[in-house]
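Residue-level listing of the chains:
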Amino acid sequence: MTDPSRPTIIQGGLGAGVSGWRLARAVSAAGQLGVVSGTALDVILARRLQLGDPGGHARRALEHLPIDGVAGRILDRYFVAGGKPDGEPFKPTPSPAVQPSRHLEELLVAGNFVEVFLAREGHESAVGINYLEKIQLPTLPSLFGAMLAGVSWVLMGAGIPRTIPGILDHLADGRPVELRLNVVGADRGEDFFTRFDPQALCRGSVARLARPHFLAIVSSSTLAAMLVKKSTGRVDGFVVEGHTAGGHNAPPRGPMRLAHDGQPIYGDRDVADLEAIRALGLPFWLAGSYGAPDQVVAALEAGAAGVQVGTAFAYCEESDLDPDLKRRVLAAIRAGTAGVLTDAVASPTGFPFKVVQLEGTLSQDSVYQRRNRVCDLAYLRHAFKKPNGSLGWRCPAEPPADYARKGGAAGDTCGRKCICNALMANIGLGQRLGDGQREMPLVTSGDDVAGVARFVAEGDRSYRALDVIEHLLGGVRQPPDTAFDAVS
(Lines give C-alpha, C1' and ligand atoms only; values in the text may rest on other atoms or scores of the structure.)
Protein backbone atom coordinates (compact mmCIF):
# COMPACT_ATOMS: atom_id res chain seq x y z
CA MET A 1 0.00 0.00 0.00
CA THR A 2 1.26 3.50 -0.79
CA ASP A 3 1.73 6.31 1.75
CA PRO A 4 -1.11 8.87 1.33
CA SER A 5 1.20 11.65 2.61
CA ARG A 6 3.41 11.23 -0.49
CA PRO A 7 2.60 11.01 -4.18
CA THR A 8 3.09 7.68 -5.91
CA ILE A 9 3.50 9.49 -9.24
CA ILE A 10 5.50 12.64 -9.81
CA GLN A 11 4.80 14.11 -13.23
CA GLY A 12 8.21 15.08 -14.57
CA GLY A 13 9.09 18.72 -15.20
CA LEU A 14 9.04 19.01 -18.99
CA GLY A 15 10.78 22.18 -20.12
CA ALA A 16 10.40 24.62 -21.32
CA GLY A 17 6.67 25.04 -20.81
CA VAL A 18 5.55 21.58 -21.95
CA SER A 19 4.56 20.79 -18.38
CA GLY A 20 2.72 24.06 -17.95
CA TRP A 21 -0.01 24.87 -15.48
CA ARG A 22 -2.73 22.93 -17.32
CA LEU A 23 -0.85 19.64 -17.09
CA ALA A 24 0.36 20.17 -13.53
CA ARG A 25 -3.14 21.12 -12.40
CA ALA A 26 -4.67 18.02 -14.01
CA VAL A 27 -2.15 15.71 -12.33
CA SER A 28 -2.41 17.35 -8.91
CA ALA A 29 -6.20 17.45 -9.06
CA ALA A 30 -6.06 13.67 -9.61
CA GLY A 31 -4.15 13.23 -6.34
CA GLN A 32 -0.59 12.92 -7.63
CA LEU A 33 2.17 15.54 -7.88
CA GLY A 34 1.83 17.87 -10.85
CA VAL A 35 5.03 19.75 -11.64
CA VAL A 36 5.43 22.87 -13.77
CA SER A 37 8.70 23.46 -15.55
CA GLY A 38 10.44 26.51 -14.08
CA THR A 39 12.61 27.11 -17.15
CA ALA A 40 12.25 30.44 -18.97
CA LEU A 41 8.95 31.39 -17.34
CA ASP A 42 9.81 35.08 -17.72
CA VAL A 43 9.97 34.71 -21.51
CA ILE A 44 6.92 32.44 -21.60
CA LEU A 45 4.80 34.96 -19.69
CA ALA A 46 5.96 37.86 -21.87
CA ARG A 47 5.25 35.99 -25.09
CA ARG A 48 1.86 34.70 -23.98
CA LEU A 49 0.87 38.28 -23.18
CA GLN A 50 2.03 39.40 -26.62
CA LEU A 51 -0.24 36.77 -28.15
CA GLY A 52 -3.16 38.42 -26.36
CA ASP A 53 -3.28 36.05 -23.36
CA PRO A 54 -5.98 33.74 -24.78
CA GLY A 55 -8.51 32.95 -22.07
CA GLY A 56 -7.15 35.72 -19.86
CA HIS A 57 -5.39 33.22 -17.59
CA ALA A 58 -2.10 35.09 -17.13
CA ARG A 59 -3.89 38.35 -16.41
CA ARG A 60 -6.17 36.63 -13.90
CA ALA A 61 -3.14 35.25 -12.05
CA LEU A 62 -1.32 38.58 -12.17
CA GLU A 63 -4.25 40.19 -10.36
CA HIS A 64 -3.26 38.09 -7.32
CA LEU A 65 0.48 38.89 -7.38
CA PRO A 66 1.04 40.49 -3.95
CA ILE A 67 3.64 43.09 -5.00
CA ASP A 68 2.26 46.54 -5.73
CA GLY A 69 2.62 47.79 -9.27
CA VAL A 70 4.40 44.79 -10.78
CA ALA A 71 1.44 43.37 -12.71
CA GLY A 72 0.60 46.76 -14.21
CA ARG A 73 4.17 47.39 -15.35
CA ILE A 74 4.41 43.96 -17.00
CA LEU A 75 1.06 44.36 -18.75
CA ASP A 76 1.97 47.83 -19.97
CA ARG A 77 5.18 46.50 -21.47
CA TYR A 78 4.05 43.21 -23.01
CA PHE A 79 0.28 42.77 -23.29
CA VAL A 80 -1.14 43.14 -26.82
CA ALA A 81 -4.94 43.06 -26.96
CA GLY A 82 -5.94 40.57 -29.65
CA GLY A 83 -2.34 39.45 -30.08
CA LYS A 84 0.56 40.80 -32.12
CA PRO A 85 0.53 40.39 -35.91
CA ASP A 86 1.73 36.91 -36.86
CA GLY A 87 4.61 38.20 -38.97
CA GLU A 88 6.09 40.36 -36.24
CA PRO A 89 8.76 39.10 -33.84
CA PHE A 90 8.18 38.90 -30.13
CA LYS A 91 9.40 41.89 -28.14
CA PRO A 92 12.67 40.84 -26.47
CA THR A 93 12.99 40.30 -22.75
CA PRO A 94 16.12 41.11 -20.72
CA SER A 95 18.86 38.47 -20.79
CA PRO A 96 19.69 36.73 -17.50
CA ALA A 97 22.18 38.82 -15.53
CA VAL A 98 24.32 38.57 -12.40
CA GLN A 99 22.82 41.86 -11.23
CA PRO A 100 19.39 41.86 -12.88
CA SER A 101 17.43 45.04 -13.42
CA ARG A 102 14.32 45.56 -11.35
CA HIS A 103 12.25 44.84 -14.46
CA LEU A 104 13.93 41.47 -14.97
CA GLU A 105 13.49 40.56 -11.29
CA GLU A 106 9.81 41.46 -11.50
CA LEU A 107 9.33 39.46 -14.70
CA LEU A 108 11.03 36.38 -13.23
CA VAL A 109 9.01 36.57 -10.02
CA ALA A 110 5.77 37.15 -11.92
CA GLY A 111 6.39 34.37 -14.46
CA ASN A 112 6.94 31.78 -11.76
CA PHE A 113 4.06 33.11 -9.65
CA VAL A 114 1.62 32.93 -12.58
CA GLU A 115 2.49 29.35 -13.51
CA VAL A 116 2.21 28.00 -9.97
CA PHE A 117 -0.90 30.05 -9.16
CA LEU A 118 -2.75 28.68 -12.19
CA ALA A 119 -1.58 25.13 -11.49
CA ARG A 120 -3.05 25.38 -7.98
CA GLU A 121 -6.46 26.70 -9.02
CA GLY A 122 -9.49 24.54 -8.37
CA HIS A 123 -8.04 21.92 -5.99
CA GLU A 124 -6.28 21.63 -2.62
CA SER A 125 -3.45 19.28 -3.59
CA ALA A 126 0.24 20.08 -3.78
CA VAL A 127 2.00 21.45 -6.87
CA GLY A 128 5.73 21.29 -7.62
CA ILE A 129 8.17 23.19 -9.81
CA ASN A 130 11.30 21.88 -11.53
CA TYR A 131 14.53 23.80 -12.19
CA LEU A 132 17.93 23.05 -13.72
CA GLU A 133 20.97 23.80 -11.56
CA LYS A 134 22.89 24.61 -14.75
CA ILE A 135 20.64 27.64 -15.30
CA GLN A 136 21.75 29.71 -12.32
CA LEU A 137 21.09 33.40 -12.96
CA PRO A 138 17.26 33.29 -12.86
CA THR A 139 17.07 30.87 -9.92
CA LEU A 140 16.70 33.16 -6.89
CA PRO A 141 13.83 35.42 -8.09
CA SER A 142 12.22 32.38 -9.73
CA LEU A 143 12.12 30.45 -6.45
CA PHE A 144 10.66 33.46 -4.66
CA GLY A 145 7.89 33.86 -7.25
CA ALA A 146 6.97 30.18 -7.00
CA MET A 147 6.91 30.39 -3.19
CA LEU A 148 4.71 33.50 -3.29
CA ALA A 149 2.20 31.39 -5.21
CA GLY A 150 2.35 28.56 -2.66
CA VAL A 151 4.48 25.95 -4.39
CA SER A 152 4.84 22.85 -2.19
CA TRP A 153 7.73 20.99 -3.83
CA VAL A 154 10.90 22.21 -5.56
CA LEU A 155 12.80 19.71 -7.70
CA MET A 156 16.23 20.41 -9.17
CA GLY A 157 18.68 18.43 -11.27
CA ALA A 158 21.34 18.94 -13.96
CA GLY A 159 24.01 19.80 -11.42
CA ILE A 160 24.74 19.76 -7.70
CA PRO A 161 22.07 21.85 -5.91
CA ARG A 162 23.82 21.83 -2.53
CA THR A 163 22.87 25.38 -1.51
CA ILE A 164 19.25 25.40 -2.68
CA PRO A 165 17.78 23.96 0.56
CA GLY A 166 19.32 26.78 2.60
CA ILE A 167 18.14 29.34 0.05
CA LEU A 168 14.58 28.05 0.47
CA ASP A 169 14.92 28.49 4.25
CA HIS A 170 16.06 32.10 3.83
CA LEU A 171 13.39 32.99 1.28
CA ALA A 172 10.70 31.58 3.56
CA ASP A 173 11.87 34.07 6.21
CA GLY A 174 12.07 36.93 3.71
CA ARG A 175 15.86 37.18 4.05
CA PRO A 176 18.37 38.08 1.30
CA VAL A 177 19.91 35.15 -0.55
CA GLU A 178 22.92 34.51 -2.75
CA LEU A 179 23.92 31.75 -5.15
CA ARG A 180 27.51 30.94 -6.03
CA LEU A 181 28.05 30.86 -9.78
CA ASN A 182 29.97 28.21 -11.68
CA VAL A 183 32.75 30.18 -13.39
CA VAL A 184 35.29 28.69 -15.79
CA GLY A 185 38.80 29.91 -14.96
CA ALA A 186 38.03 31.15 -11.45
CA ASP A 187 40.94 30.81 -9.06
CA ARG A 188 40.76 28.45 -6.12
CA GLY A 189 38.85 30.21 -3.35
CA GLU A 190 37.58 32.90 -5.72
CA ASP A 191 33.79 33.10 -5.70
CA PHE A 192 31.25 34.96 -7.80
CA PHE A 193 27.64 35.34 -6.66
CA THR A 194 24.26 36.43 -7.88
CA ARG A 195 22.05 37.91 -5.14
CA PHE A 196 18.39 38.63 -4.48
CA ASP A 197 16.67 40.55 -1.68
CA PRO A 198 12.92 39.89 -1.40
CA GLN A 199 12.46 42.81 0.98
CA ALA A 200 13.93 45.24 -1.54
CA LEU A 201 11.69 43.94 -4.32
CA CYS A 202 8.59 44.10 -2.13
CA ARG A 203 9.45 47.42 -0.46
CA GLY A 204 9.79 45.72 2.93
CA SER A 205 6.36 44.08 2.94
CA VAL A 206 7.23 40.37 2.69
CA ALA A 207 5.17 38.05 4.87
CA ARG A 208 6.62 34.73 6.00
CA LEU A 209 6.22 32.07 3.31
CA ALA A 210 5.83 28.31 3.54
CA ARG A 211 9.10 26.52 2.91
CA PRO A 212 8.53 23.94 0.16
CA HIS A 213 9.88 20.40 0.25
CA PHE A 214 13.09 19.97 -1.72
CA LEU A 215 13.82 16.97 -3.94
CA ALA A 216 17.22 16.67 -5.61
CA ILE A 217 17.31 14.86 -8.95
CA VAL A 218 20.36 12.58 -8.85
CA SER A 219 21.83 9.72 -10.83
CA SER A 220 24.07 8.18 -8.16
CA SER A 221 24.07 7.29 -4.47
CA THR A 222 27.35 9.19 -4.10
CA LEU A 223 25.73 12.50 -5.03
CA ALA A 224 22.69 11.75 -2.88
CA ALA A 225 24.86 11.02 0.16
CA MET A 226 26.90 14.18 -0.36
CA LEU A 227 23.75 16.29 -0.53
CA VAL A 228 22.43 14.78 2.70
CA LYS A 229 25.69 15.57 4.51
CA LYS A 230 26.69 18.90 2.98
CA SER A 231 23.56 20.74 1.84
CA THR A 232 22.92 24.07 3.51
CA GLY A 233 19.42 23.06 4.58
CA ARG A 234 17.01 20.14 4.70
CA VAL A 235 16.84 17.76 1.74
CA ASP A 236 13.47 16.03 1.75
CA GLY A 237 14.16 13.25 -0.73
CA PHE A 238 15.45 12.34 -4.17
CA VAL A 239 14.37 11.56 -7.68
CA VAL A 240 16.82 8.90 -8.87
CA GLU A 241 16.99 9.31 -12.62
CA GLY A 242 18.41 6.79 -15.05
CA HIS A 243 19.95 7.58 -18.41
CA THR A 244 16.87 6.49 -20.37
CA ALA A 245 14.89 9.51 -19.11
CA GLY A 246 14.04 12.35 -21.47
CA GLY A 247 15.69 15.77 -21.60
CA HIS A 248 19.18 16.12 -20.18
CA ASN A 249 20.94 13.03 -18.84
CA ALA A 250 23.93 12.74 -16.56
CA PRO A 251 27.00 11.83 -18.66
CA PRO A 252 28.42 8.32 -18.29
CA ARG A 253 30.90 7.90 -15.46
CA GLY A 254 34.50 7.82 -16.62
CA PRO A 255 35.77 8.81 -20.07
CA MET A 256 33.05 9.49 -22.64
CA ARG A 257 32.74 6.62 -25.11
CA LEU A 258 30.41 6.83 -28.09
CA ALA A 259 28.62 4.13 -30.06
CA HIS A 260 28.76 4.02 -33.86
CA ASP A 261 25.71 6.31 -34.04
CA GLY A 262 27.26 8.90 -31.73
CA GLN A 263 25.27 8.00 -28.63
CA PRO A 264 27.05 7.81 -25.26
CA ILE A 265 27.74 4.32 -23.97
CA TYR A 266 26.44 3.71 -20.45
CA GLY A 267 27.42 0.77 -18.28
CA ASP A 268 26.91 -0.84 -14.89
CA ARG A 269 28.69 2.06 -13.14
CA ASP A 270 25.88 4.35 -14.31
CA VAL A 271 23.16 2.40 -12.50
CA ALA A 272 22.34 3.96 -9.12
CA ASP A 273 22.93 1.85 -6.01
CA LEU A 274 19.40 1.74 -4.59
CA GLU A 275 20.48 -0.07 -1.45
CA ALA A 276 22.81 2.83 -0.61
CA ILE A 277 20.09 5.35 -1.37
CA ARG A 278 17.58 3.49 0.82
CA ALA A 279 20.15 3.58 3.63
CA LEU A 280 20.04 7.39 3.61
CA GLY A 281 16.56 7.14 5.16
CA LEU A 282 14.84 9.65 2.86
CA PRO A 283 12.01 8.96 0.41
CA PHE A 284 13.01 8.55 -3.21
CA TRP A 285 11.27 8.18 -6.54
CA LEU A 286 12.67 6.31 -9.57
CA ALA A 287 12.74 7.90 -13.01
CA GLY A 288 13.70 6.79 -16.50
CA SER A 289 11.44 4.27 -18.29
CA TYR A 290 8.98 3.78 -15.42
CA GLY A 291 5.89 4.47 -17.52
CA ALA A 292 4.16 1.09 -17.10
CA PRO A 293 2.16 -0.45 -14.21
CA ASP A 294 4.62 -3.30 -13.58
CA GLN A 295 7.49 -0.80 -13.38
CA VAL A 296 5.60 1.23 -10.78
CA VAL A 297 5.05 -1.91 -8.72
CA ALA A 298 8.72 -2.86 -9.12
CA ALA A 299 9.79 0.60 -7.90
CA LEU A 300 7.59 0.32 -4.81
CA GLU A 301 8.91 -3.18 -4.08
CA ALA A 302 12.46 -1.76 -4.33
CA GLY A 303 11.64 0.65 -1.51
CA ALA A 304 10.84 3.72 -3.57
CA ALA A 305 7.97 6.02 -2.64
CA GLY A 306 6.93 5.94 -6.29
CA VAL A 307 8.08 7.00 -9.72
CA GLN A 308 8.61 10.13 -11.75
CA VAL A 309 7.18 9.91 -15.26
CA GLY A 310 7.65 12.51 -17.98
CA THR A 311 7.35 11.14 -21.51
CA ALA A 312 3.90 9.62 -20.93
CA PHE A 313 2.55 13.05 -19.96
CA ALA A 314 4.35 15.00 -22.70
CA TYR A 315 1.87 14.01 -25.41
CA CYS A 316 -1.39 14.09 -23.42
CA GLU A 317 -4.08 16.67 -24.14
CA GLU A 318 -3.17 18.88 -21.19
CA SER A 319 0.49 19.31 -22.09
CA ASP A 320 1.51 22.53 -23.83
CA LEU A 321 3.59 20.85 -26.53
CA ASP A 322 2.61 22.36 -29.88
CA PRO A 323 -0.49 20.44 -31.12
CA ASP A 324 1.06 19.71 -34.52
CA LEU A 325 4.21 18.29 -32.95
CA LYS A 326 2.10 16.24 -30.58
CA ARG A 327 0.01 14.89 -33.46
CA ARG A 328 3.05 14.00 -35.55
CA VAL A 329 4.88 12.21 -32.74
CA LEU A 330 1.75 10.25 -31.79
CA ALA A 331 1.32 9.27 -35.45
CA ALA A 332 4.91 8.02 -35.55
CA ILE A 333 4.34 6.07 -32.33
CA ARG A 334 1.24 4.41 -33.78
CA ALA A 335 3.16 3.60 -36.97
CA GLY A 336 6.03 2.11 -34.98
CA THR A 337 8.56 4.58 -36.42
CA ALA A 338 9.17 6.85 -33.42
CA GLY A 339 12.82 7.01 -32.43
CA VAL A 340 14.94 8.82 -29.84
CA LEU A 341 18.66 9.57 -30.09
CA THR A 342 20.81 10.45 -27.08
CA ASP A 343 22.79 13.30 -28.63
CA ALA A 344 26.14 13.72 -26.88
CA VAL A 345 26.80 17.23 -28.23
CA ALA A 346 23.45 18.92 -28.97
CA SER A 347 23.05 20.70 -25.64
CA PRO A 348 25.29 23.66 -24.79
CA THR A 349 25.34 22.38 -21.18
CA GLY A 350 27.65 19.52 -22.15
CA PHE A 351 25.11 17.01 -20.82
CA PRO A 352 23.76 14.34 -23.20
CA PHE A 353 20.31 15.32 -24.48
CA LYS A 354 17.51 13.07 -25.71
CA VAL A 355 16.17 14.07 -29.14
CA VAL A 356 13.09 12.70 -30.91
CA GLN A 357 13.92 12.12 -34.57
CA LEU A 358 11.25 14.11 -36.36
CA GLU A 359 11.12 15.65 -39.81
CA GLY A 360 11.16 19.45 -39.93
CA THR A 361 12.90 19.83 -36.56
CA LEU A 362 16.49 20.47 -35.53
CA SER A 363 16.93 16.70 -35.21
CA GLN A 364 17.53 16.78 -38.97
CA ASP A 365 20.99 17.95 -39.97
CA SER A 366 19.63 19.83 -42.98
CA VAL A 367 17.33 21.89 -40.76
CA TYR A 368 20.10 22.46 -38.22
CA GLN A 369 22.55 23.64 -40.87
CA ARG A 370 20.06 26.18 -42.30
CA ARG A 371 19.70 28.02 -39.00
CA ASN A 372 21.70 31.20 -38.56
CA ARG A 373 23.24 30.96 -35.12
CA VAL A 374 22.14 33.56 -32.60
CA CYS A 375 22.18 33.55 -28.78
CA ASP A 376 19.36 35.90 -27.81
CA LEU A 377 17.76 34.07 -24.86
CA ALA A 378 21.05 33.18 -23.18
CA TYR A 379 19.87 30.76 -20.48
CA LEU A 380 22.60 28.20 -21.20
CA ARG A 381 25.58 30.55 -21.49
CA HIS A 382 28.67 29.64 -19.49
CA ALA A 383 30.34 32.16 -17.18
CA PHE A 384 34.09 32.58 -17.57
CA LYS A 385 36.69 34.80 -15.96
CA LYS A 386 38.19 37.37 -18.30
CA PRO A 387 41.88 38.35 -18.13
CA ASN A 388 40.86 41.57 -16.35
CA GLY A 389 39.09 39.59 -13.63
CA SER A 390 35.52 40.40 -14.69
CA LEU A 391 32.91 37.88 -15.82
CA GLY A 392 32.23 37.08 -19.46
CA TRP A 393 29.56 34.89 -20.99
CA ARG A 394 29.70 32.50 -23.93
CA CYS A 395 27.55 29.71 -25.34
CA PRO A 396 28.81 26.84 -27.52
CA ALA A 397 25.63 27.23 -29.63
CA GLU A 398 26.38 30.86 -30.54
CA PRO A 399 28.27 31.78 -33.75
CA PRO A 400 31.65 29.98 -33.60
CA ALA A 401 33.57 33.19 -34.28
CA ASP A 402 31.91 34.88 -31.30
CA TYR A 403 32.64 31.91 -29.07
CA ALA A 404 36.30 31.79 -30.13
CA ARG A 405 36.67 35.56 -29.68
CA LYS A 406 35.63 35.07 -26.05
CA GLY A 407 38.35 32.48 -25.50
CA GLY A 408 36.31 29.35 -26.17
CA ALA A 409 37.63 26.45 -28.23
CA ALA A 410 36.03 26.56 -31.68
CA GLY A 411 35.69 22.78 -31.66
CA ASP A 412 33.28 23.03 -28.72
CA THR A 413 30.69 24.61 -31.03
CA CYS A 414 30.44 21.65 -33.42
CA GLY A 415 26.97 20.12 -33.39
CA ARG A 416 25.67 22.40 -30.64
CA LYS A 417 22.03 23.38 -30.97
CA CYS A 418 20.22 26.39 -29.53
CA ILE A 419 18.11 24.50 -27.01
CA CYS A 420 16.67 27.75 -25.62
CA ASN A 421 15.02 28.89 -28.85
CA ALA A 422 14.08 25.36 -29.90
CA LEU A 423 12.21 24.69 -26.66
CA MET A 424 10.25 27.93 -27.13
CA ALA A 425 9.31 26.71 -30.60
CA ASN A 426 8.17 23.39 -29.08
CA ILE A 427 5.33 25.21 -27.29
CA GLY A 428 4.32 27.54 -30.11
CA LEU A 429 6.33 30.51 -28.84
CA GLY A 430 9.19 30.39 -31.33
CA GLN A 431 10.74 33.70 -32.32
CA ARG A 432 10.17 35.17 -35.77
CA LEU A 433 13.59 35.74 -37.38
CA GLY A 434 14.80 38.60 -39.52
CA ASP A 435 14.43 36.59 -42.75
CA GLY A 436 10.76 35.91 -41.95
CA GLN A 437 11.35 32.34 -40.81
CA ARG A 438 10.61 30.98 -37.35
CA GLU A 439 12.92 29.25 -34.91
CA MET A 440 12.55 25.49 -35.38
CA PRO A 441 11.63 22.99 -32.64
CA LEU A 442 13.65 20.17 -31.11
CA VAL A 443 11.47 17.62 -29.29
CA THR A 444 12.83 15.60 -26.38
CA SER A 445 11.46 12.37 -24.88
CA GLY A 446 12.72 9.35 -23.00
CA ASP A 447 13.86 6.14 -24.64
CA ASP A 448 10.45 4.56 -23.99
CA VAL A 449 8.55 7.00 -26.21
CA ALA A 450 7.07 4.07 -28.14
CA GLY A 451 5.35 3.00 -24.92
CA VAL A 452 3.08 6.04 -25.10
CA ALA A 453 0.92 3.95 -27.43
CA ARG A 454 -0.45 2.11 -24.40
CA PHE A 455 -2.31 5.25 -23.28
CA VAL A 456 -4.15 5.83 -26.56
CA ALA A 457 -7.33 3.77 -26.74
CA GLU A 458 -8.09 2.02 -30.01
CA GLY A 459 -9.76 4.44 -32.39
CA ASP A 460 -8.62 7.52 -30.42
CA ARG A 461 -6.03 10.09 -31.49
CA SER A 462 -5.26 11.51 -28.05
CA TYR A 463 -5.40 10.77 -24.34
CA ARG A 464 -5.60 12.67 -21.06
CA ALA A 465 -3.34 12.95 -18.02
CA LEU A 466 -5.89 11.00 -15.99
CA ASP A 467 -5.58 8.09 -18.44
CA VAL A 468 -1.85 7.96 -17.68
CA ILE A 469 -2.38 8.06 -13.93
CA GLU A 470 -5.06 5.39 -13.91
CA HIS A 471 -2.99 3.12 -16.12
CA LEU A 472 0.18 3.52 -14.05
CA LEU A 473 -1.65 2.83 -10.79
CA GLY A 474 -3.46 -0.20 -12.20
CA GLY A 475 -1.30 -2.65 -10.28
CA VAL A 476 -0.92 -0.58 -7.10
CA ARG A 477 -3.10 -1.07 -4.04
CA GLN A 478 -4.22 2.40 -3.02
CA PRO A 479 -5.49 3.66 0.34
CA PRO A 480 -9.01 5.13 0.33
CA ASP A 481 -7.80 8.74 -0.23
CA THR A 482 -4.51 9.12 -2.10
CA ALA A 483 -4.52 12.92 -2.34
CA PHE A 484 -1.85 14.62 -0.27
CA ASP A 485 -1.88 18.09 1.19
CA ALA A 486 0.03 21.13 0.09
CA VAL A 487 2.65 22.65 2.37
CA SER A 488 1.00 24.99 4.82
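Not measured: the values here are computed from a predicted model.

A. Structural view of the environment of A97. For A97, the location among the structural elements is in the loop between α4 (70-78) and α5 (102-120). We classify A97 as partly exposed; its relative accessible area is 24%. Sequence separation of A97 and D320 is 223 residues, and the distance between their C-alpha atoms is 28 Å. With near-sequence residues (within four places) excluded, A97 lies in contact with L104, L137 and T194.

B. The sheet that holds strand β8 (residues 213-218), seen in detail. Pairing within the open sheet is parallel, and its eight strands lie in the order β1-β11-β10-β9-β8-β4-β3-β2. Two strands in the sheet have a free side with no partner beyond their single neighbour: β1 (9-11) and β2 (34-37). In this sheet, adjacent strand axes meet at a mean angle of 25° when their direction is disregarded. Strand contacts of helix α6 (residues 139-148): β3 (127-132) and β4 (153-157), with the helix running at about 175° to β3, the strand carrying the most contacts.

C. Examining the packing of aromatic side chains more closely. This structure, assessed with the given rule, holds four aromatic pairs. Considering the side-chain rings of W153 and W285, the 6.0 Å spacing of their centres and the 90° angle between planes classify their relative orientation as edge-to-face. One end of the pair, W153, is in strand β4; the other, W285, is in strand β10 (residues 284-287), and 132 residues separate them in sequence. The class for W153 is buried, based on a relative accessible area of 7%. With relative accessibility at 0%, the residue W285 sits in the buried group. For R394, the ring lying beneath its charged end belongs to F384, and the centroid distance is 4.3 Å.

D. Fine view of the nonpolar core. I129, F144, F238, F313, Y315 and Y463 are the most contacted members of the largest nonpolar core, which totals 121 residues. A total of nine residues in this core trace back to one element, the largest contributor, which is α5. Excluding anything up to four places from it in sequence, Y315 contacts L321, K326, V329, L330, V356, V443, T444, S445, V449, V452 and Y463. In terms of nonpolar packing, the next biggest core, distinct from the first, is built from 12 residues, L33, V35, A126 and A305 among them.

E. Quick peek at the packing of helix α2 (residues 41-50) against α4. For the pair α2 and α4, the least separation of the axes is 9 Å and the interaxial angle reads 60°. In terms of their interaxial angle, α2 and α4 are classed as oblique. Judged by the twist between their axes, the crossing of α2 over α4 is right-handed. Where α2 approaches α4, its residues L45, A46, L49 and Q50 are matched on the opposing element by I74, L75 and Y78. Class assignment of the residues belonging to the contact of α2 with α4 gives a composition of six nonpolar, one polar and no charged.

F. Quick peek at the pairing of strand β13 (residues 353-356). Because side chains alternate across β13, one face comprises the buried residues F353 and V355, and the other comprises K354 and V356, equally buried. For strand β12 (residues 340-343) and β13, the ladder comprises four bridges, and the chain directions are antiparallel. By the bridge assignment, L341 is partnered in β13 with V355.

G. Structural context of the packing of α6 against helix α7 (residues 164-172). Two elements in contact, α6 and α7, have axes whose closest approach is 11 Å; the angle formed by their N-to-C orientations is 55°. Here α7 runs oblique to α6, going by the angle between their axes. Between α6 and α7 the crossing geometry is right-handed. Residues T139, L140, L143, F144 and M147 of α6 pack against I164, I167, L168, L171 and A172 of α7. Along the lines of polarity and charge, the residues of the contact of α6 with α7 split into nine nonpolar, one polar and no charged.

Quick notes on the rules
Residues numbered from 1 in each chain as written. Predicted model: local features only at pLDDT ≥ 70, side-chain atom pairs only at ≥ 80, totals over all residues. Heavy atoms only, no water. Helix = DSSP H or I, 4+ residues; strand = E, 2+ residues; numbered from the N terminus. Buried < 20%, exposed > 50% of the residue type's maximum accessible area, 1.4 Å probe, protein only. Contact = heavy atoms within 4.5 Å. Pairing = 2+ DSSP bridges. Axes fitted to C-alpha atoms, helices over the stretch in contact; angles between N-to-C directions. Phe/Tyr/Trp six-rings, centres within 6.5 Å; stacked < 30°, edge-to-face > 60°. Lys NZ or Arg CZ within 6 Å of the ring centre and 35° of its normal. Core = buried A, V, L, I, M, F, W, Y, C linked by side-chain atoms within 4.5 Å. Parallel < 35°, antiparallel > 145°, perpendicular 65-115°, else oblique. Left-handed = near helix turned anticlockwise from the far one by under 90°. Nonpolar A, V, L, I, M, F, W, Y, C, P; charged D, E, K, R; others polar.

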